[in-house]
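Residue-level listing of the chains:
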Amino acid sequence: MKKTLKVGLIGTGGIARGAHLNPGWLAVPDVEIVAACDANEAVARKLAADFKIPHVFTDYRDLLKLKEIDAVDICTPNKIHTPAVIGALKAGKHVLCEKPLAVSTKEILAMRDALKKTDRILMTAQHHRYSDIAVGIKAWTETGALGEVYHSRVNATRRNWLPISPGFIDINLSGGGPCMDIGVHALDTALWLMDFPKPIRVSGRAHTNFAKGFDIPGGWGEWDRTLFGVEDFASGYIHFSNGSTMALEASWLQHQDKEDFSATLLGKKASIQWPTGHFHTVTNRTLIDGKVLPHAGRKPAHTEEILAFAKAIRNNGPSPVPIEQTIYVIAILEAIMKSSQLNKEVAVPDFK
């Protein structure tokens, strides 16, 4: 393809401005941001003015008509992801889309159908995979030091950090609460470190424990209690086809010491904890504790993620975060919510 990669931004809020654009796209050589789109025109125009972006739109469908655009970066509320992704693929654009790629497996299957009709790349923005410590831990697990993982504990929990934007708390925009918002990060990272075993059944619970009240002060400010229509806590127990299991928790509000984004993988040779890198093992009946160090020389995770996306486009793929992996991440989160609603364990389909 031509040397300069031309990119359009769909959604120009905080994650687009403070992570995807700067330092993200601005750190990629030979890239030009040619268009910005947001339903809030003032926000889009401010971003365009700050970063000298020539075209501004309030409807992503108008942005997709620009033939010069090679790729789009989607940072909209969750419910906009599916139509924007499918529209971009049909328009012949490569797509990077913020997590969750969609809030249902039905939507991701529709994306997959659209993807099969193109030679474009679709990548879910799971930036935690690209952190220096995650890359270091992944390299360590690939040596075989961990052994077969038989269980994992995965957490994405906060004490009082509830995002106050309607895009997170209005079920019509978000499609879910912390399970889809931050649980997706920790779950994806853990599954990636485990080489993506296939989930077969899930038991889950979801509650709104604190978000309707005023007892816990919001670290990011106050939210609209009347608009709040999602869970503030979810938990799941997942069984995989290889016999391993996983316990997952996700919460924006609960009584705990501090934010906990972590995964502990229990293997038959050792255990390891992300993101600390601490591992525990035994040799010759001697208990050994150690620490995997971050992979040296890496840029911030969002930047590395976007560098990987741009490289895949220039080298004709494959996607660094393929839809075949993302669909099982969403299937697990979807199953947690469905299990809670039905009050019983539910099966995860085989998405061939």
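Just above, that's the structure.
Residues numbered from 1 in each chain as written. Predicted model: local features only at pLDDT ≥ 70, side-chain atom pairs only at ≥ 80, totals over all residues. Heavy atoms only, no water.

Draft legend 1. Structural view of helix α11 (residues 301–314). The terminal C-alpha atoms of α11, which comprises 14 residues, lie 20 Å apart, in line with the 20 Å expected from a rise of 1.5 Å per residue. Among the 14 residues in α11, 11 count as buried, and that is most of the element. Inspection of α11 places Ala-301, His-302, Thr-303, Glu-304, Glu-305, Ile-306, Ala-308, Phe-309, Ala-310, Ala-312 and Ile-313 among the buried residues, and these make up the whole buried set. In this fold, the buried residues of α11 make contact with β1 (5–10), α1 (14–24), β4 (71–74), β5 (94–98) and β6 (122–125). Just downstream of α11, Asn-316 is the residue with a positive phi angle, here 65 degrees. (Helix = DSSP H or I, 4+ residues; strand = E, 2+ residues; numbered from the N terminus. Expected span 1.5 Å × (residues − 1). Buried < 20%, exposed > 50% of the residue type's maximum accessible area, 1.4 Å probe, protein only. Contact = heavy atoms within 4.5 Å.)

Draft legend 2. Just the pairing of strand β11 (residues 260–267), in detail. Taking burial as the measure, the 8 residues of β11 include 7 buried ones, the bulk of the element. In this structure, strand β7 (residues 149–157) lies alongside β11, joined through 8 bridges in antiparallel fashion. If you follow Val-149 over to β11, its bridge partner there is Gly-267. Strand direction decides the pairing type here: β11 and strand β12 (residues 270–274), joined by 4 bridges, are antiparallel. Residue pairing for β12: Ala-263 is matched across the bridge by Trp-274. Here β11 hands over to β12 after 2 residues, the two strands then running antiparallel side by side. (Pairing = 2+ DSSP bridges.)

Draft legend 3. Geometry of the nonpolar core. Residues Leu-63, Val-72, Val-85, Val-95, Met-246 and Leu-333 are the most contacted members of the largest nonpolar core, which totals 83 residues. Ignoring any residue separated from it by four or fewer positions in sequence, one finds Leu-63 in contact with Gly-8, Leu-9, Ile-10, Ala-35, Ala-36, Cys-37, Phe-57, Ile-69 and Val-72. (Core = buried A, V, L, I, M, F, W, Y, C linked by side-chain atoms within 4.5 Å.)

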